[in-house]
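What the coordinates show
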Amino acid sequence: MKVAIASDHGGMFIRKEIILLMEEMKIPYVDLGCENSESVDYPDYAIPVAEKVANGEVDRGILICGTGIGMSIAANKVKGIRCALVHDMFSAKATREHNDTNILAMGERVIGPGLACDIVKMWLTTPFIGGRHKKRVNKIVTYESTHELKSNEVYILKAD
Ligand code: RB5
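First things first, this report covers the structure right here in the doc. (Residues numbered from 1 in each chain as written. Predicted model: local features only at pLDDT ≥ 70, side-chain atom pairs only at ≥ 80, totals over all residues. Heavy atoms only, no water.)

1. Structural notes on the site of the ligand
What surrounds the ligand is the set Asp8, His9, Tyr42, Cys65, Gly66, Thr67, Gly70 and Arg109. Take Gly70: an N or O atom from its main chain is 2.8 Å from an oxygen atom of the ligand. Within the contact set of the ligand, an oxygen atom lies 3.4 Å away from a side-chain nitrogen or oxygen of Arg109. Here the shell around the ligand is built from residues that sort into two nonpolar, four polar and two charged. (Near = heavy atom within 4 Å. Polar contact = N/O pair within 3.5 Å; in protein donor to acceptor, adjacent residues only side chain to side chain. Nonpolar A, V, L, I, M, F, W, Y, C, P; charged D, E, K, R; others polar.)

2. So, the pairing of strand E5 (residues 103-107)
Along E5, five of the five residues are buried, which leaves the element largely enclosed by surrounding structure. The alternating pattern of E5 places Ile103, Ala105 and Gly107 and Leu104 and Met106 on opposite faces, both of which are buried. As defined by bridge partners, strand E3 (residues 60-65) adjoins E5 across five bridges and the pair is classed as parallel. Pairing of Cys65 across the sheet is with Gly107, part of E5. Each parallel crossover has a hand, and the one from strand E4 (residues 83-85) via helix H4 (residues 89-99) to E5 is right-handed. (Buried < 20%, exposed > 50% of the residue type's maximum accessible area, 1.4 Å probe, protein only. Helix = DSSP H or I, 4+ residues; strand = E, 2+ residues; numbered from the N terminus. Pairing = 2+ DSSP bridges. Right-handed = clockwise from strand over helix to strand, strands pointing away.)

3. Quick notes on the side chain of Ser72
Looking at the secondary structure, you find Ser72 in helix H3 (residues 69-75). Owing to a relative accessible area of 8%, Ser72 belongs among the buried residues under this scheme. Setting aside chain neighbours within four positions, we find Ser72 in contact with Cys83, Leu85 and Ala105. (Contact = heavy atoms within 4.5 Å.)

4. Thoughts on the pattern of salt bridges
Across all of its chains, the model carries six salt bridges by this definition. For Asp31, the salt bridge identified is with Arg15, shortest N-O distance 3.0 Å. Of this pair, Asp31 sits in strand E2 (residues 29-31) while Arg15 sits in helix H1 (residues 12-24), placing them 16 residues apart in sequence. Residues Glu97 and Lys93 are paired through a salt bridge, measuring 3.2 Å at the closest nitrogen-oxygen approach. Taken as a pair, Glu97 and Lys93 lie in helix H4 at a separation of four residues, close to a single helical turn. Its relative accessible area of 18% is what places Glu97 among the buried residues. Exposure remark for Lys93: the relative accessible area of 37% places this residue in the partly exposed category. (Salt bridge = Lys/Arg side-chain N within 4 Å of Asp/Glu carboxyl O.)

The values reported here are purely geometric and, on their own, carry no functional implication.
Shown next as structure tokens:
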């Protein structure tokens, strides 16, 4: 499994901790920034990670900002993405088992690095259980394929 990870300035510390964890777990990853503590815009980091997951370059994505909310909203605009905002162990397990989420979002101003790393471990190692949950996920996939979003290029041009 390969993972793409990114954060804005509000999520840099936990991102670095998760990178250390992935190195320990021998999980290949690509780090898409941000580079330093200068203020940046979370969609510029969420969308590239989400596109890499959606086009199959990587299997999963991890996104961290101050709250995790902006990252999760932005990632979920990309077709094929099921991004969950998670701050507890129960949800980390349930969102893999039930929702087959492919991106995990967390907020560095909400939880500490210890819990964030435990959530990542749980989320990366829990399989989707399928069954009745497959039918529910398929309803989302069907909706997505019949209701097109505007392209990310249009979204980016309209920003600012
Ligand atoms: C940045 O100040 C903050 O808004 C961002 O990290 C995130 O919390 C947005 O949802």
